[in-house]
Each structure stands twice: as C-alpha cells, then as structure tokens.
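# Understanding the architecture of this molecule
What follows is each chain in one-letter form.
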Amino acid sequence: MTTDSNRIPTLDILRGFAVMGILWMNITAFALPTQAYLNPTAAGPMSAADSIAWLTGLVLVDGKMRGLFSMLFGASMLLLIDKAEMAGRDGRRTQLIRAAWLFLFGLAHYLLLWWGDILMIYAVVGLAALLFTGQSPLALVKWAFLAFLIHFLIVVGVIASLSAWSHAAAQPGAATSVMTSYHAFVAALSNPADPAIVQDVALHRSGFGAIFTHKLADFPAEWLRTFAFVSFDTLGFMLMGMAMLKGGFLTGRWDADQYRRTARHCFLIGIPPMLALGAWIILSGFAPLATFGTVFAWSFPFRIPLTVGWAALILWIAARHRSSALLARIGTAGRMALSNYLGTSLLMTALFYGWGLGLFGQVSHAALPAFVIGGWVAMLLWSPWWLKRFAMGPLEWLWRSLARGSLQQIRRNI
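Rules and cut-offs
Counting starts from 1 at the beginning of each chain's written sequence and moves along it residue by residue. Totals for whole chains, interfaces and linings use all residues, but because this is a predicted model, local features are given only for residues with pLDDT of at least 70 and pairs of side-chain atoms are given and counted only at 80 or more. To obtain the side-chain values, all non-hydrogen atoms of the structure were used and water was disregarded. Counting from the N terminus, the helices are DSSP H or I runs at least four residues long and the strands are E runs at least two residues long. Each residue gets one of three labels from its accessible area relative to the maximum for its type: buried under 20%, exposed over 50%, partly exposed in between, using a 1.4 Å probe on protein chains only. Any two residues having at least one pair of non-hydrogen atoms within 4.5 Å are treated as being in contact. The Shrake-Rupley method, run with a 1.4 Å probe, gives the accessible areas here. Residue values count only the displayed protein chains as cover. In summary, the charge assignment counts Lys and Arg as positive and Asp and Glu as negative, without counting His or the chain termini. Think of each charge as sitting on NZ of Lys, CZ of Arg, CG of Asp or CD of Glu. Here the expected length of a helix is defined as 1.5 Å per residue gap, with one fewer gap than residues. Bend is the name given here to the angle between axes fitted to two runs of seven residues, the run ending at a residue and the run starting at it. For the purposes of this section, nonpolar cores are sets of buried Ala, Val, Leu, Ile, Met, Phe, Trp, Tyr and Cys residues that join through side-chain atoms within 4.5 Å. The working definition used for a salt bridge is a side-chain nitrogen of Lys or Arg within 4 Å of a carboxyl oxygen of Asp or Glu. Fitted lines through C-alpha atoms give the axes, limited to the stretch in contact for helices. The angle between two N-to-C directions lies from 0 to 180 degrees. Angles are sorted into four bins: roughly parallel if under 35 degrees, roughly antiparallel if over 145, roughly perpendicular if 65 to 115, and oblique for all others. Note on residue classes: Ala, Val, Leu, Ile, Met, Phe, Trp, Tyr, Cys and Pro are nonpolar, Asp, Glu, Lys and Arg are charged, and everything else, Gly too, is polar. A residue's pLDDT is the predictor's confidence in that residue, given on a scale from 0 to 100. Pairs were defined over the aromatic rings of Phe, Tyr and Trp, the Trp ring being its six-membered one, requiring ring centres within 6.5 Å. Orientation was assigned from the angle between planes: stacked under 30 degrees, edge-to-face over 60, tilted for the rest. Charge-over-ring contacts are defined here by two conditions on Lys NZ or Arg CZ: a distance within 6 Å of the ring centre and an angle within 35 degrees of the ring normal. Each patch groups residues whose relative accessible area exceeds 30% and which form no salt bridge, using 9 Å between like charges and 5 Å between nonpolar side chains of Val, Leu, Ile, Met, Phe, Trp and Tyr. Note on convention: near helix rotated counterclockwise from far helix by under a right angle means a left-handed crossing. Clockwise means right-handed.

### A short note on the overall build of the chain
Tallying secondary structure elements over the chain gives 16 helices and zero strands in all. Each principal axis of the C-alpha distribution contributes one length, and for the chain these read about 75 × 45 × 40 Å. Relative to its 414 residues, the chain shows a buried fraction of 51%. In the chain, the share of contacts with a sequence separation of at least 24, taken over all contacts with a separation of at least 6, comes to 78%. As displayed, the chain offers around 17,900 Å² of accessible surface, 70% of which is attributable to carbon and sulfur atoms. If the 29 positive side-chain charges of the chain are averaged to one point and the 16 negative ones to another, these points end up 9 Å apart.

### Quick look at helix α9 (residues 208-246)
With 39 residues, α9 should cover 57 Å at 1.5 Å per step; its first-to-last C-alpha distance of 45 Å lies more than 12% under that length. Remark: the principal bend of α9, roughly 60 degrees, maps to Phe219, with a proline, Pro220, within the next four residues. Downstream of α9 by a residue or two, Gly248 has a phi angle that is positive, lying close to 85 degrees.

### Topic: helix α7 (residues 176-190)
Between its terminal C-alpha atoms α7 stretches 21 Å, which fits the 21 Å expected from 15 residues at 1.5 Å a residue. On the buried face of α7, the contacting elements are α6 (137-170), α8 (195-204) and α11 (288-298).

### Here's the deal with the nonpolar core
Of all hydrophobic cores here, the largest spans 107 residues; its most connected members are Leu14, Leu68, Leu239, Phe249, Leu250, Tyr341 and Phe352. Not counting chain neighbours up to four residues away, the residues in contact with Leu239 comprise Ala129, Phe132, Leu140, Trp143 and Ala144. Counting residues in hydrophobic clusters, the runner-up holds seven residues, among them Val155, Phe292, Phe296 and Ala297.

### Regarding the pattern of salt bridges
Applying the stated criterion across every chain, the model contains seven salt bridges. Asp12 is paired through a salt bridge with Arg15; the nearest N and O atoms lie 3.1 Å apart. Here Asp12 pairs with Arg15, and both are found in helix α1 (residues 9-31), just three residues apart, close to one helical turn. By relative accessible area, which is 5% here, Asp12 ends up buried. In this structure, Asp233 engages Arg303 in a salt bridge whose closest nitrogen and oxygen atoms are separated by 3.6 Å. Separated by 70 residues along the polypeptide, Asp233 in helix α9 and Arg303 in helix α12 (residues 300-320) bring together distant segments of the chain. With respect to class, Asp233 is no different from Arg303; both count as buried.

### Examining the packing of helix α13 (residues 325-335) against helix α15 (residues 368-389)
Put simply, α13 and α15 touch, their axes get as near as 8 Å, and they point 75 degrees apart. The orientation of α13 relative to α15 falls into the category roughly perpendicular. Two secondary-structure elements touch here, α13 through Leu326, Arg329, Ile330, Thr332, Ala333 and Arg335 and α15 through Leu380, Leu381, Ser383, Pro384 and Leu387. Within the contact of α13 with α15, the residues separate by chemical class into seven nonpolar, two polar and two charged.

### Considerations on the confidence of the model for the chain
Close inspection of predicted coordinates is inappropriate in any region flagged by low pLDDT. Mean pLDDT over the chain works out to 94, with 98% of the residues at or above the 70 mark. Ranking the elements of the chain by mean pLDDT puts α7 last with 76 and helix α14 (residues 337-352) first with 98.

### Observations regarding the environment of Ile22
Examined against the element boundaries, Ile22 turns out to sit in helix α1. Classification of Ile22 by relative accessible area gives buried; the value is 6%. When the C-alpha atoms of Ile22 and Lys64 are compared, they prove to be 8.7 Å apart, with 42 residues separating the residues in sequence. If we skip the residues at most four places from it in the chain, Ile22 touches Met65, Arg66, Phe69 and Tyr341.

### Notes on the packing of aromatic side chains
Inspection of the entire model under this criterion finds 26 aromatic pairs. Aromatic pair Phe249 and Trp254: ring centres 4.8 Å apart, planes at 90 degrees, arrangement edge-to-face. Residue classification places Phe249 among the buried positions, given a relative accessible area of 4%. The structure contains a cluster of three or more aromatic residues connected by ring pairs, namely Phe145, Phe148, Phe152, Phe237 and Phe300. The cationic tip of Lys215 hangs over the ring face of Tyr110; the distance from NZ or CZ to the ring centre is 6.0 Å.

### What about a nonpolar patch on the surface?
Together, Leu112, Phe208, Leu346 and Trp355 line one region of the surface with nonpolar side chains, adding up to about 360 Å² of accessible area. Structurally, Phe208 can be placed in helix α9. Residue class for Phe208 comes out partly exposed when judged on its relative accessible area of 38%.

### Here we look at the packing of helix α3 (residues 64-86) against α9
Direction vectors running N to C along α3 and α9 enclose 55 degrees, while the axes themselves pass 7 Å from each other. Relative to α9, the element α3 lies oblique. With respect to the hand of their crossing, α3 and α9 are arranged in right-handed fashion. Residue-level contacts link Arg66, Gly67, Ser70, Met71, Phe73, Gly74, Ala75, Met77, Leu78 and Leu79 of α3 to Val230, Asp233, Thr234, Phe237, Met238, Met240, Gly241, Met242, Met244, Leu245 and Lys246 of α9. Classifying every residue of the contact of α3 with α9 by side-chain character gives 13 nonpolar, five polar and three charged.

### Thoughts on the environment of Met25
Within the secondary structure, Met25 is located in helix α1. Assessed through its relative accessible area of 10%, Met25 is described here as buried. Between the C-alpha atom of Met25 and that of Ile282, which follows or precedes it by 257 residues, the distance is 19 Å. Setting aside residues up to four positions removed in sequence, Met25 forms contacts with Tyr37, Val61, Asp62, Gly63 and Arg66.

Rendered as structure tokens:
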C-alpha cells in the first residue's frame, strides 16, 4: 500500500511468511468437514502419518500464523495513520474508511468463497485497537495481556460448561435428554457418519448456489459466534504488534543475536507443552472433549510465545540473509498479502468444492501439505511477476482506490 521507497522490508517478509502460514493453518477447513478443524477424526480414522501431520500443524501453525498476521495488522494501522497525517489527512478517519471497505471485502469473501474469513473480524477489532494507538509500548503490552486473559477466560468457561455437561450425562439416573444431547454433541464433533458431518460434506460437494444460500442463511449467527470467540485474542495480538513496531522489533532494528535469543526462549517456552498436549490427545485416541478443549482453550497460552518466536525467527533469518532471493520472493508475497489471502481461498475452494474439482472430504490429513506447498509455489511465482509490472497487488489497488474515493495509479512508471 506504499511506494517501494517507503516500505519496510522486514514487515513485507513477515507478511509473506504469515500469509503462507495461514494457508497451512486453513487447509483443513478448506478440504475437510468443518468439525475436522476442532477434531481431526471427524474426517475419518487417523493413520500414523495423519496424526503426525495434525500434530505438526497444532504445535507450529494453528493460531500462531493468525496471531502473526494480527500483529502485523496492528503495526500497519500505526504506519498508515502516520502516513495519512503526514499527507495532511485525518489518520483515524482514513482508518475508519479503510475498515468499512475491509469489512465488505470480508463479507464478499465469506459469502462467495469461504466461511473462514478473518477480514471482517480485523475490520471491527481494528476499530477498537484505534483507541490504543497513543499508548506507550509497555502500556500496549499490558493491554494486550488483559485482552488475552479475557479471551482465555471465555474459552475456559466454554470448556468448563462442556465438562460439567459431560459429567452430568455420565451420572447414574441422568435425564435421557441430557445424555442424548451430550452424545449427539460428541458424535457431531468426531463421528464421520454423524448426520451433521455427512450433511456438511454433501453441501460442499454441491454447486455454488447451494453453498452460497447456506452461508447467507447462516451468516449472522455464525459470524457473531466467531466474533465472540476470537475478538479479544485478535485485539491482543494487534496491540502486541503496535508495541513491537514502536519498540523497533518489527522493523529489524534489533541486533540479529537478540532476535535469535528471543526466538530460542519463546520456542523453549511454547513447544514442549504443545508437544505434551498433542501427545495427550493422540494417546487418548482423539477423545472429543480433550481434543476440542486443547484446540479451543488449553493451547492458547502457548500461542503467545510461539507467535513472538516465529516473528523473531523470521527476523533473525532476514537479518542474516539480507540478499536472499527466496526472502525477496516471500517479501513480494507479503506486499500482496490481501490478494494472496483471497487468492488462496479462490484456488482452494476451486479444488475442493463441488463447483470446482469436488475433492472435499476425500483428501487425508497427511496429503494436505502437498496442497499447501502448491499454494506456496503459486504465491512465490505470481507475486514477483505481478509486482514487476504493477505497483501493488490487484486487491490492494482496489482497496486503496475505494478508500481514497478515486482510482489510484497501479501501473509502474517505466
């Protein structure tokens, strides 16, 4: 969204890694029943290879890439507000207009392509983050951890309610309705033959019209439910990103060894407990409540250091390999993060949904990384090709033109 001379290369590289990582995080939701995102057995029995693929995603990617993307969104807000004010415009008003258009982009993404849109969440939560732009880095970190605490209390409350429900259903003399409803919940989370899962597979193997109609009817309740469960998490990472920008962390101003030590400490804090949680789930045979609880709640405290660890590791690599051709390609993918995010949704739904190749529900967990790698290759090939000819990505250009109220120049001056 800025000219080449005004860009911060480290932010582009981080965005590139983040948008590539988000594809890895989202591939399960593109290819398999919705329930498989919370319990992989909803897609069928797990082989050893499937379990390893699932565990790798749980430990390294799930929630961390969205956290990294949220951090970068928060940092970018500060940069864009500053840029607007230096140009004589009202920075906050500019951000409000951008957020309104981003919400509409997200709504179109949700209805026309994929149910897992995050842009609408960013648009709304970003407005709340505007209230904190003047805070110091330390204050921003404190507010971020308050948001994280609120999020954790919300998700733990949900798991506690489910545990109480499970306990009540297991008691002698429990009401038949309680037992029936609890067992129906468990089946809908983990049994591929459950009607809800069968219906989900049939829907996504059907045509565009049926999928669109379903999402349109489901949108208000589904979006509000998603917002309730991810808004404070997202706000916390946005505020962390603001603090890390102000402190020079995200702009590459730290010494390379500082990034290396930060990455090492964060991974040592986060990876062992995540491996332990993953092993517990696998050894339990993917018990529904344990799996759901881990994905939904128990893994969250470790996402925070692992997200920061990923950022530090990427920045250490960037500091050590400034002239890397691969990093330059990843940076171009980051410059077109919005186009690549929505482009991967178009590509993956064309592969998996019924209006495309109809592979939905037919690919194992172990085979999904092949589709992720294919998506990465596509991003790394088309992004530099496009940016040799144009100043910004196609959707970045559209967003900027709509926010400014006039068509912006997109072709490069030669």
